[in-house]
Amino acid sequence: QGQLVESGGGLVQAGGSLRLSCAASERIERIFRIAVMNWYRQAPGKQRELVAGVTTNNSTNYADSVKGRFTISRDSAKNTVYLQMNSLKPEDTAIYYCAARAPSLGLTFWGQGTQVTVSS
């Protein structure tokens, strides 16, 4: 039973949109509240790369490849982080993972991943 559960992946045509969600379980609610939340992705044959991150005060950062197209946000009341992906391209095809990183505790939690496939 995962402590971070992603959802929202699927198959979409180029130019389309998807919204990924990552919900933290009750077990790690306290971690979620202090964690930097990140979305990563890994395409076949490639290394996992950081896509976007959001801090507890909602500061965000993005990979250059997704700036202007993706938006990360977090809802502390729901212990959930989102990744809104617009203007999707075939090169966005990957397994997307969320991660909760709490540097002060030396802890990082990972979700199981959700597949995003963008057809041309």
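Up top is the structure these notes are about.
In this report, the structure presented in the accompanying data block is examined. Predicted, not measured: the structure shown is a model, and the values here were computed from it.

Turning our eyes to something else, we now look at the packing of aromatic side chains. According to the stated counting rule, one finds one aromatic pair in the structure shown. An angle of 50° between the planes, with centres 4.9 Å apart, marks the rings of Tyr40 and Trp110 as tilted. Placement of Tyr40 in strand β4 (residues 36–42) and of Trp110 in strand β10 (residues 107–110) is noted, with a sequence separation of 70 residues between them. Across the ring face of Tyr97, the terminal group of Arg48 is positioned such that the distance to the ring centre comes to 3.8 Å. The ring centre of Phe32 lies 4.8 Å from the NZ or CZ of Arg74, which sits over that ring.

On to the state of the cysteines, then. Counted according to the given criterion, the structure contains one disulfide. Cys22 shares a disulfide with Cys98; S-S distance 1.9 Å. On the S-S bond that ties Cys22 to Cys98, the torsion sits near 45°, and the link is right-handed. Of this pair, Cys22 sits in strand β3 (residues 18–24) while Cys98 sits in strand β9 (residues 94–102), placing them 76 residues apart in sequence. You'll find Cys22 and Cys98 in the same group, each marked buried.

Conventions used here
Residues numbered from 1 in each chain as written. Predicted model: local features only at pLDDT ≥ 70, side-chain atom pairs only at ≥ 80, totals over all residues. Heavy atoms only, no water. Phe/Tyr/Trp six-rings, centres within 6.5 Å; stacked < 30°, edge-to-face > 60°. Helix = DSSP H or I, 4+ residues; strand = E, 2+ residues; numbered from the N terminus. Lys NZ or Arg CZ within 6 Å of the ring centre and 35° of its normal. Disulfide = S-S within 2.5 Å. Buried < 20%, exposed > 50% of the residue type's maximum accessible area, 1.4 Å probe, protein only.

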